[in-house]
Amino acid sequence: MIWNDEFETLPREVIESLQLKRLQQTLQRVYATVPFYRRQLDKVGMTPDKVRSLADLQRLPFTLKQDMRDNYPYGLFAVPLEQIVRIHASSGTTGKPTVVGYTRRDIDTWAELMARSFVAAGAHKGDVIHNAYGYGLFTGGLGAHYGAEKLGASVIPMSGGNTKKQLMIMQDFGSTVLTCTPSYSLYLAEVAAEEGIDFKSLKLKVGIFGAEPWSEEIRKEIEAKLNLKAIDIYGLSEILGPGVGIECIEAQKGLHIWEDHFIPEIINPETGEVLPHGEHGELVITTITKEGIPMIRYRTRDITRIIPEPCICGRTHVRLERMSGRTDDMLIIRGVNVFPSQIESVLINIEGVEPHYQLIVDREENLDTLEVQVEVNEQTFSDEVKILQSLSSRIRKEIKDMLGVTCKVRLVEPKTIARSEGKAQRVIDKRKEQ
Ligand SMILES: [Zn+2]
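In short, a report on the structure. It should be emphasised that the depicted structure is a prediction, and the values quoted were computed from it without experimental measurement. (Residues numbered from 1 in each chain as written. Predicted model: local features only at pLDDT ≥ 70, side-chain atom pairs only at ≥ 80, totals over all residues. Heavy atoms only, no water.)

**Examining the coordination of the zinc ion**
In step 1: For the zinc ion, every protein donor is listed as Cys248 (SG), His256 (NE2), Cys311 (SG) and Cys313 (SG), and the spread of their distances is 2.1 to 2.3 Å.
In step 2: Considering all four donor atoms around the zinc ion, angles at the metal cover 101 to 115° and the coordination shape is tetrahedral.
In step 3: The sequence motif formed by the donor residues of the zinc ion is C-x7-H-x54-C-x1-C. Here His256, found in strand S9 (residues 255-257), pairs with Cys313, found in the loop between strand S13 (306-307) and strand S14 (319-320); they are 57 residues apart in sequence, far enough to count as distant. (Donors = N, O, S within 2.8 Å, 3.2 Å for Na, K, Ca; no water. Tetrahedral: all angles 85-135°; square planar, octahedral: opposite > 155°, others 65-115°. Helix = DSSP H or I, 4+ residues; strand = E, 2+ residues; numbered from the N terminus.)

In structure tokens, the structure reads:
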């Protein structure tokens, strides 16, 4: 099923000519209304009329998260505040949040793209959508909510937290679609097990999970524990919120990015050079329909690649491979680049280990240290010390083989690692405190 047959299946050359036209309009607008963009373009000797092909996009400077902070709160808005009908912000780990504003048309576009995303995930009118993304300044809750209403589904605005109540509502209201972070879905499964609730007795058929990187192995785990199809969704508030891209249920392989609204590029994060389709690098997105706060070549920090091959679902928009991590999350341990998701892949494949872990990075005598704390299941935990020792040396060896880093492994009791109702905190980097 396709929500917007006309736009989701446009031939490649039509997508590209539409992108060029919309890019030119966006550049004209920001050049005239946002001093920051005018300065950026002037700096490289570009004006909007010099952009005559999509390839010319590469000649424009990047926009960074820091640019949003420097222009806090409204400096990058391209319309007067009277035209902004909604403001969201993403929490900064340090200092001020980044602020985004939406015009009425932006809200409509967002709802349209979320409706497309729900349908791509296999949801339809008549579904009961249990929305456990947080409602508030975070874009997850309201973003999914408006899309669900646009689709004509019955949306339950649960927001995060209150896990036992979530389970009761799912049972009593007959929720068929779940939206939340992947780590929260696993927490729901854990609490359900404690409460003696079997997911097979629920009506859930699809879960749409995003807002943090997750792996194929976690997908299998979620699908087995929650008895549903797990779909990966992508979005970030700087670009729109949830619904920038999503996997289709037909292929469950790569996320279609809605190219009539966004232009994706993949760059080498060190040099800024644009990489050919198929190569891994940092995702850069330009918005070409957004009015409130257009983004020109925004560096997302997410690592992926573009899959240009046609998809079996019939949608013609290119796919992004599942995000393998963020350049921000990348740890450099004794000179080796390590993504938490790589360690997760190792852990998930080991029998007796639970998908709850934390990485503690520290520095001792000028040497980086990595400790992997991971929960084992009840049964393993009650095993003999010798068995536990052999399990931890196996984990150590597999991480060494796969990533080339030596680590300490600490097996911890079930349920000792803090559970999160939003994004899971996987890394504690103590080097930053020194
Ligand atoms: Zn597809």
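So, next bit.
**Quick notes on the side chain of Glu259**
In step 1: Among the secondary structure elements, Glu259 is positioned in the loop between S9 and strand S10 (262-267).
In step 2: Setting aside its immediate chain neighbours within four residues, Glu259 contacts Arg12, Ile15, Gln19, Pro264, Ile288, Thr316, His317 and Val318. (Contact = heavy atoms within 4.5 Å.)

**Focus on unusual backbone geometry**
In step 1: Cis peptide bonds are those with omega within 30 degrees of zero, and the linkage from Tyr72 to Pro73 qualifies with -10°.
In step 2: With respect to the helices, strands and loops of the structure, Pro73 is situated in the loop between helix H4 (65-70) and strand S1 (84-90).
In step 3: Although it is not a glycine, Asn227 adopts a positive phi angle of roughly 55°.
In step 4: Note that Asn227 resides in the loop between helix H9 (216-226) and strand S7 (229-236).
In step 5: Under the relative-accessibility criterion, Asn227 is labelled partly exposed at 34%. (Buried < 20%, exposed > 50% of the residue type's maximum accessible area, 1.4 Å probe, protein only.)

**Regarding the sheet that holds S9**
The strands that make up a sheet pair up through hydrogen bonds in the backbone, lying either parallel or antiparallel.
In step 1: One open sheet accounts for nine strands, arranged S4-S3-S5-S6-S7-S8-S9-S14-S13; its pairing is mixed. Each end of this open sheet is capped by a strand with a single partner; those strands are strand S4 (154-156) and S13.
In step 2: Pairing geometry for strand S3 (residues 128-131) and strand S5 (residues 177-180), over three bridges, is parallel. Residue pairing for S5: Asn131 is matched across the bridge by Thr179. (Pairing = 2+ DSSP bridges.)

**Observations regarding the sheet that holds strand S11 (residues 281-287)**
In step 1: The strand order across the open sheet built from four strands is S10-S11-S12-S15, with neighbouring strands paired in antiparallel fashion. Edge positions in the open sheet fall to S10 and strand S15 (325-326), since each of these has one partner strand only.
In step 2: Examined bridge by bridge, S11 and strand S12 (residues 298-304) share four bridges and lie antiparallel to one another. In the strand pairing of S12, Glu282 is matched with Ile303.

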